[in-house]
Amino acid sequence: MAQPPTAHTGMGGLQAKMWAELRANAGPSTVPVTDIPGRLTRRPSSTNVTIDEYVAKHSDEFDRLLALDGPDGWDFNREEDGVKVYTMTCDGRNVPYFKAVTEVSVEGGLARILHVLLHTEERPKWDEVCVKGSSEQHFPPFYKYTHTQSSSPAPMVSAREMFTLGRYRFEPDGTFLWTLQSVDLDEFPPDPQFVRANLIDGGHIIRPKPGSTTDFTVTWTACIDPNGWVPKWVVNLKVTQQALVLAKAKAHF
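Residues numbered from 1 in each chain as written. Predicted model: local features only at pLDDT ≥ 70, side-chain atom pairs only at ≥ 80, totals over all residues. Heavy atoms only, no water.

**Things to note about the nonpolar core**
Then, number 1: Within the largest apolar cluster, 42 residues are counted, with the highest numbers of intra-cluster contacts made by Ile113, Phe176, Ile206 and Phe253.
Then, number 2: Residues Phe142, Leu165, Leu177 and Phe188 belong to the second largest nonpolar core, which totals 19 residues. (Core = buried A, V, L, I, M, F, W, Y, C linked by side-chain atoms within 4.5 Å. Buried < 20%, exposed > 50% of the residue type's maximum accessible area, 1.4 Å probe, protein only.)

**Some words on the packing of aromatic side chains**
For any pair of aromatic rings, the description consists of the separation of the ring centres together with the inter-plane angle of the planes.
Then, number 1: A full pass over the atoms with the stated rule returns 13 aromatic pairs.
Then, number 2: Residues Trp19 and Phe176 carry aromatic rings whose centres are separated by 6.1 Å and whose planes lie at 65° to one another, so their mutual orientation is edge-to-face. One end of the pair, Trp19, is in helix H1 (residues 14-26); the other, Phe176, is in strand E7 (residues 176-182), with 157 residues separating them in the sequence. Phe176 carries the same exposure label as Trp19, and that label is buried.
Then, number 3: A connected cluster of aromatic rings, assembled from ring pairs, spans Trp19, Tyr168, Phe170, Phe176 and Trp178.
Then, number 4: Lying across the ring of Tyr86, Lys99 places its NZ or CZ 5.7 Å from the centre. (Phe/Tyr/Trp six-rings, centres within 6.5 Å; stacked < 30°, edge-to-face > 60°. Helix = DSSP H or I, 4+ residues; strand = E, 2+ residues; numbered from the N terminus. Lys NZ or Arg CZ within 6 Å of the ring centre and 35° of its normal.)

**Some points on the confidence of the model for the protein**
Then, number 1: Per-residue pLDDT for the protein has a mean of 93; in total, 95% of the residues score no lower than 70.
Then, number 2: Predicted confidence is poor over residues 1-10, with pLDDT under 50, and the contacts of this stretch with residues over four places away or in other chains come to 26 contacts. (pLDDT = per-residue confidence, 0-100. Contact = heavy atoms within 4.5 Å.)

**Things to note about the packing of H1 against helix H4 (residues 109-118)**
When two helices pack together, you describe them by how their axes are tilted relative to each other and by the distance separating the axes.
Then, number 1: Contact geometry for H1 and H4: axes closest at 8 Å, N-to-C directions at 80°. Judged by the angle between their axes, H1 and H4 are roughly perpendicular. In this structure, H1 uses Leu22, Asn25 and Ala26 to contact H4, whose residues at the interface are Leu110, Ala111 and Leu114.
Then, number 2: Counted by class, the contact of H1 with H4 contains five nonpolar, one polar and no charged residues. (Axes fitted to C-alpha atoms, helices over the stretch in contact; angles between N-to-C directions. Parallel < 35°, antiparallel > 145°, perpendicular 65-115°, else oblique. Nonpolar A, V, L, I, M, F, W, Y, C, P; charged D, E, K, R; others polar.)

**Remarks on the pattern of salt bridges**
Then, number 1: Within the structure shown, the criterion is met by twelve salt bridges.
Then, number 2: Between Asp201 and Arg64 there is a salt bridge, and its shortest N-O distance comes to 3.4 Å. Within this pair, whereas Asp201 is found in strand E9 (residues 198-208), its partner Arg64 is found in helix H3 (residues 59-68), the two being separated by 137 residues in sequence.
Then, number 3: One salt-bridge network, held together by shared partners, links Arg123, Asp127, Glu128 and Lys248. (Salt bridge = Lys/Arg side-chain N within 4 Å of Asp/Glu carboxyl O.)

**A closer look at the pairing of strand E10 (residues 215-225)**
Look at any regular strand and the pattern is simple: side chains alternate between the two faces of the sheet.
Then, number 1: Across the eleven residues of E10, ten count as buried, placing the element largely inside the fold.
Then, number 2: The sheet contact formed by strand E3 (residues 97-105) and E10 spans eight bridges and is antiparallel. Looking across to E10, one finds that Val104 is bridged to Phe216.
Then, number 3: The sheet contact formed by E9 and E10 spans ten bridges and is antiparallel. (Pairing = 2+ DSSP bridges.)

**Focus: the state of the cysteines**
Then, number 1: As enumerated under the stated definition, the model contains zero disulfides in all.
Then, number 2: With no disulfide partner, Cys130 has as its closest neighbouring cysteine sulfur the one in Cys223, 20 Å distant.
Then, number 3: Left without a disulfide partner, Cys223 is nearest to the cysteine sulfur of Cys90, which lies 6.8 Å away. (Disulfide = S-S within 2.5 Å.)

Structure, rendered in structure tokens:
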């Protein structure tokens with residue numbers, strides 16, 4: 001596989017420095033730092049720009065994700081397999097937000113966590129609901145296009161798929177943000193066998209414990225509109241199931 005481009009990642013900014021450290025820890029060909037050009041056109045905003053400039057352009061996305069990390073508005077739902085699940089109802093949304101939070105100790109540190117979360121092709125092996133996963137394009141440290149397809153959650157309910165754009169940002173304390181939003185591309189139309197769900201807002205927050213390179217608080221939060229016809233009880237069930245994907249991933253960190 002081709003190695004990630006370095007000509008425009010910049011040499012002095014926080015993002016460039018943190019990604020250089022991640023590359024050193026991850027090795028040259030692991031998922032977090034490997035280019036996957038794919039067949040899609042590269043996003044023009046990610047060329048001829050440093051990673052620090054790119055991140056600054058999309059600061060609103062990262063700030064929205066960080067706002068979801070706070071305690072305000074969340075109701076505790078349950079705890080399962082060491083993962084605490086919260087939900088929040090927002091005006092103008094047909095489905096609630098969810099937030100899953102867990103504590104992990106991972107020998108391989110951030111690089112290992114990202115290897116599991118970003119290796120979409122492997123997700124069906126640890127998430128029985130996911131029938132197919134693909135990294136349609138990945139240009140770290142800039143962005144990633146991800147496509148997933150999931151089995152039907154109930155009789156008479158169509159199977160769902162999602163096509164998302166993810167971007168990355170490091171915080172000064174080493175916290176790693178990965179924002180996610182659904183996007184529509186003419187180059188990647190919906191599969192007629194599936195209904196395409198809409199990930200409105202969300203992502204992952206991987207926060208290291210002070211002074212540690214192996215202990216983290218990991219958060220997965222989102223608002224996902226399934227689109228199409230889905231009974232209310234199935235929507236509520238799926239909100240919890242989507243949150244607990246973190247518990248499945250955690251077992252493989």
